[in-house]
2 protein chains.
Amino acid sequence: MMDNSFYSEYWPQTTDLNQDSPFLHPQVPNINSFQLHNYPESFQGETASASRSHSEAEKRRRDRINAQLSTLRKLIPTSEKMDKAALLGSVVDHVKDLKGKTTEISKVLNTPTDIDEVTIEHLNEEENKGSASESKRKDNSVILKASFCCDDRPELFSELQRAIKSLKLTVAEADITSLGGRIKGIFLLCLSENSAKDVCMHSLKQSLRVVLCGIAISPSTSNYRIKSKRQRFFLPAQFS
Amino acid sequence: MMDNSFYSEYWPQTTDLNQDSPFLHPQVPNINSFQLHNYPESFQGETASASRSHSEAEKRRRDRINAQLSTLRKLIPTSEKMDKAALLGSVVDHVKDLKGKTTEISKVLNTPTDIDEVTIEHLNEEENKGSASESKRKDNSVILKASFCCDDRPELFSELQRAIKSLKLTVAEADITSLGGRIKGIFLLCLSENSAKDVCMHSLKQSLRVVLCGIAISPSTSNYRIKSKRQRFFLPAQFS
DNA sequence: GGGCACACGTGAGGC
DNA sequence: TGCCTCACGTGTGCC
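Residues numbered from 1 in each chain as written. Chains lettered and ligands numbered in written order. Predicted model: local features only at pLDDT ≥ 70, side-chain atom pairs only at ≥ 80, totals over all residues. Heavy atoms only, no water.

A. Up close: the overall build of chain A. Within chain A, the regular secondary structure consists of eight helices and four strands. Walking chain A from its N terminus toward its C terminus, one meets helices and strands in the order α-α-α-β-α-β-α-β-β-α-α-α. A total of 240 residues make up chain A; the buried ones form 38% of that total. Of the contacts formed within chain A by residues at least 6 apart in sequence, a portion of 64% connects residues at least 24 apart. Total accessible area on chain A is roughly 14400 Å²; 53% of this is exposed by carbon and sulfur atoms. (Helix = DSSP H or I, 4+ residues; strand = E, 2+ residues; numbered from the N terminus. Buried < 20%, exposed > 50% of the residue type's maximum accessible area, 1.4 Å probe, protein only. Contact = heavy atoms within 4.5 Å. Areas by Shrake-Rupley, 256 points an atom, 1.4 Å probe, with all protein chains shown as cover.)

B. Focus on the pattern of salt bridges. Residues and elements named next belong to chain A. What the rule picks out here adds up to 14 salt bridges over all chains. For D63, the salt bridge is made with K59, and the minimal N-O distance between the two is 3.1 Å. With a gap of four residues between them, D63 and K59 both fall in helix α2 (residues 46-75), about one helical turn apart. The pair formed by D63 and K59 is uniform in burial state, with each residue classed as buried. The structure contains a network of salt bridges with shared partners spanning D116, D151 and R182. (Salt bridge = Lys/Arg side-chain N within 4 Å of Asp/Glu carboxyl O.)

C. Main features of the sheet that holds strand β3 (residues 169-179) of chain A. All names here are of chain A. Taking strand neighbours across the sheet as the criterion, the four strands line up as β1-β2-β4-β3 in an open arrangement whose pairing is antiparallel. Looking at strand neighbours, the two that pair on one side only are β1 (117-122) and β3, the edges of this open sheet. When the angles between neighbouring strand axes are averaged without regard to direction, this sheet yields 10°. Here β3 pairs with strand β4 (residues 182-191) via ten bridges, running antiparallel. Directly across from I176, in β4, lies its bridge partner G185. Here helix α7 (residues 201-216) sits on the sheet in contact with β1, β2 (142-151), β3 and β4, set at roughly 160° to β1. (Pairing = 2+ DSSP bridges. Axes fitted to C-alpha atoms, helices over the stretch in contact; angles between N-to-C directions.)

D. Quick look at the sheet that holds strand β2 (residues 142-151) of chain B. Residues and elements named next belong to chain B. On the basis of which strands lie adjacent, the open sheet formed by four strands has the order β1-β2-β4-β3 and antiparallel pairing. At either end of the open sheet lies a strand with only one pairing partner, and these are β1 (117-122) and β3 (169-179). Recorded for the sheet is a direction-independent mean angle of 10° between the axes of neighbouring strands. Where helix α7 (residues 201-216) meets the sheet, it contacts β1, β2, β3 and β4 (182-191), and its direction lies at approximately 160° from that of β1.

Below is the structure:
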């Protein structure tokens, strides 16, 4: 229940608080400039200190908001000398635009998501209908389609190659995309004919799944993502 | 110089203004609820009406800002029940993240920019050093690298093909990317040997430039971008 | 009850 | 002048 005009008789208008806030927009006028905590003796009462802490807290809140606004202004080109509403408006446009572009790219590109996953698929299963043993007699070539999506890290490639080699599989085709610290891979894996006749399809797929899950969804002992903000990007490429 | 406590004796606290602002965050408390324009008779003076229009304008300003904040909240997942500063903070993160991803992609992909441009380059110029006539005797094959970047529109492809055909050029390779209503193309264009011996390289390049500029930097009679927000994306592909 | 987040009206500078 | 935008302190609801 205080009247500002009453305060302004007591508070010195000399010091400029705004100069202590480097994130403030230059447009900000130097108004109501006074040193906080510099209250007249007659206001050192209980309600006065409550009111002071309230206004100080409110100033901190305003400063937090304005600081974010200021960093947003740096991120958006030509947003200097826009007012707050216009700035936020172009932020909205920017976010929509960027979102549209990235989803547009994701549609046609093999783009990693935020969800860890591993899938295994038997590509030539349909043409080999019937029992497993029978199908092998018809066509001994085995092609597995495997995909994974997980956090990216430097050791991932060698781990993958070791895992694939250990299952006596060879890579026919690979499409690997690393983006924003995440990585997604799609592999076409072949089992040679003479190996294929000795192996149980079901347990091979099971083993592959176990091995890939161990690589992809492992408890993140490697905190690569935290250590390095550097992001890698690979075009769809051959992976020998 | 008015004391709120003084007003609050006069202003009815019954009607809820916040319910008229559908974009307000649900967290907003129903405070200072009163009907604007409902001033006591004693305040119908000149300064009172100025003050009223001021406070009304200020409310409109706040509403504009909060409306943008509200649409931002819809764009950012899990931003419900964040306060304003936190919301803006995650908007900052989001923008940085999206920007990083798109620039990362642009680095390896042939991504269109916002600037219209056409470039023509003579690829095998270096190996054919010397005068133009001499170079043709050494190697009659002519390869031009042409690129353009402009607003995308449906007719662009056929226009391009017609233009290239009219210059008796054939497309050896094409990398075309359409993204966010913009399109960028890079072409390797061949001139057959028997055509090459009749043609002046300089005027061919000039003609190609003129034709491409006519397509790319034409006064935008087609307002495709406004008519359709639909965006196309093409992977690097052959263009026969 | 203290802290927090919000909307509000106000004074002031800029155009 | 009048209107716009901003920072400010305050009243208030919620935890």
